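Residue-level structure breakdown
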Number of protein chains: 4
Amino acid sequence: MKHKITEIVVRSFHLDMYMHVNNARYLEFLEEARWNYYAKVYENEWIAQEKIAFIIHNINITYRSPAVVGDTIVIHTSLKELGNVKLTVYQKLVQKSNGKVIAEAEVSFVAVDMKKNRPIGLKGKVRELLMEPEMEG
Amino acid sequence: MKHKITEIVVRSFHLDMYMHVNNARYLEFLEEARWNYYAKVYENEWIAQEKIAFIIHNINITYRSPAVVGDTIVIHTSLKELGNVKLTVYQKLVQKSNGKVIAEAEVSFVAVDMKKNRPIGLKGKVRELLMEPEMEG
Amino acid sequence: MKHKITEIVVRSFHLDMYMHVNNARYLEFLEEARWNYYAKVYENEWIAQEKIAFIIHNINITYRSPAVVGDTIVIHTSLKELGNVKLTVYQKLVQKSNGKVIAEAEVSFVAVDMKKNRPIGLKGKVRELLMEPEMEG
Amino acid sequence: MKHKITEIVVRSFHLDMYMHVNNARYLEFLEEARWNYYAKVYENEWIAQEKIAFIIHNINITYRSPAVVGDTIVIHTSLKELGNVKLTVYQKLVQKSNGKVIAEAEVSFVAVDMKKNRPIGLKGKVRELLMEPEMEG
């Protein structure tokens, strides 16, 4: 499956009292990776002009093994499902050193017209943009 | 259902570019609320001596309506299920001003013996402690 | 000196690999305390309408003794100097249990007219508001 | 002056209600850059074995111009002063696109023996390590 790879090195300030990356920080890592994946969408002028926002509806994240300071985390981001209203992205975080899975997440979005403050369907130009993320092999 | 209430006021640094509380911040709010709920467990001397950690296995969070700067968020935390291995807590975030649901989450944990670095069952003294959180009404 | 008190309990996610509150988190604690101190200013309708923002120019923070998980930090916030252009707030963080100083900071601001994107002097109504923070004894 | 360069792209979750990078986030950016600069020190086995920690004593940061979402920030980190007890690092953040200074900071540290919980002088092997950061040109 086509996907985009983002690498993040774990720093001291990512940890909590168990010396593991804190559960909330992973959501920032996931967001960082999605910005790389959907850079063309987020930076698209038309999207900005139309004030279309991609609002998270649900995140389901399973933490499989802890990451500690100095670890390099590889985040794979790929499109799982593009519905009429909802977009779901699959993200997997693995240890670069040994390929062990750190966490897996599904993140679903809706597109919202911020001028009218209401959801819009994933069709037309929005749909085209969402189908063309930045990908690697 | 017995539950514990925690209030958090949204500040400028909780927001993202949509002027809403960012998705990752909610996990810090949930953690803050769980510390209130399970204060007796986290601060228990025996738990500390035995080096028992409560490690998050899964978070499933649905974002229902945005919160903005100045909003007071009321977080209700309650025990959903206490299995033999896994503990699941249910957390609901509502707008204090109008009762509107901001988000709902289920957070599941396992207990880990950090000395041996392996999961332990939720039985005996650990189970007793988990069944006696700090509650209101 | 008149000042406002804010209390924050240190949580697991505030820590770093030294098991102390991380240096960056203290700036969020300081901001939380300033929101309490200047609630009347930040929530003032006229300030909002005029799109006046208080932008930080400088923070000088000295870390005197570490705080760890479970500690209750008392933050004292008071006005140090109200110049023609620059406002300086003094903030002291102390351990609630023993009064030990955790950190001290001076934070200076300028007021900016966000419509014209330029600094405005601290005079007239802005100055009056800044001189009437929420205080305790 | 010899220095190390770190680049960070501003993301949505770094912002606050003024749509600028929040003041506290910059301290995480500075820390990220210092980890790159002093990777050899932080990852040094002897430092780890001896449980030597580098604890921040003071941060003096001046915010010169705001950064917004999508900006690439270049952080220059260099050694300013290596005293007998205190180490001071100078860090400058600039806009990659136009070279404009976003912020400047001086960060000073002391070395602490975490086994005995007391400061140690910056001499011998510790001093040698601090004088050999990772540098570019």
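Definitions and cut-offs
Residues numbered from 1 in each chain as written. Chains lettered and ligands numbered in written order. Predicted model: local features only at pLDDT ≥ 70, side-chain atom pairs only at ≥ 80, totals over all residues. Contact = placed C-beta atoms within 7 Å. Helix = DSSP H or I, 4+ residues; strand = E, 2+ residues; numbered from the N terminus. Nonpolar A, V, L, I, M, F, W, Y, C, P; charged D, E, K, R; others polar. Least-squares fit on C-alpha atoms with pLDDT ≥ 70 in both. Expected span 1.5 Å × (residues − 1). Buried ≥ 20, exposed ≤ 12 C-beta atoms within 10 Å, placed from the backbone.

Let us now look at the interface of chain B and chain A. How big an interface is tends to be reported as the loss of accessible area on association of its parts. Across the boundary between the two partners, chain B contributes 15 residues, which contact 15 residues of chain A. Of all elements in the fold, only α1 (23-37) and β2 (52-63) of chain B reach the threshold of two or more residues within the side of chain B that touches chain A. The biggest single contributor to the side of chain B that touches chain A is β2 of chain B, with nine residues. Its residues placed into classes, the side of chain B that touches chain A shows eight nonpolar, five polar and two charged.

Another point: the interface of chain D and chain B. Contact residues are listed per partner, giving nine residues for chain D and nine residues for chain B. Here the side of chain D that touches chain B is built from residues that sort into six nonpolar, two polar and one charged.

Between chain D and chain B, which share one sequence, the superposing operator has a rotation angle of 180° and an axial displacement of 0.0 Å; the RMSD is 0.0 Å. Classification of the inter-copy transformation places it as that of a two-fold axis.

Residues and elements named next belong to chain D. When the terminal C-alpha atoms of helix α1 (residues 23-37) are compared, their 22 Å separation across 15 residues agrees well with the 21 Å that a helix rising 1.5 Å per residue should span. Counting buried positions over the 15 residues of α1 gives 12, a clear majority of the element. Restricting attention to buried positions, one finds in α1 the residues Asn-23, Ala-24, Arg-25, Tyr-26, Leu-27, Glu-28, Phe-29, Leu-30, Ala-33, Arg-34, Trp-35 and Tyr-37.

One non-glycine residue, Met-19 of chain A, adopts positive backbone phi at about 65°. Residue position: Met-19 of chain A is located in the loop between β1 (4-9) and α1 (23-37). Here the phi dihedral of Lys-51 of chain D falls at roughly 50°; this positive angle occurs in a residue that is not glycine. Structurally, the position occupied by Lys-51 of chain D is in the loop between α3 (45-49) and β2 (52-63).

With an axial shift of 0.0 Å and an RMSD of 0.0 Å, the rotation relating chain B to chain A amounts to 180°. Taken together, the interface assignments show that 100% of the residues at the interface of chain B recur at the interface of chain A, consistent with an identical surface on both copies.

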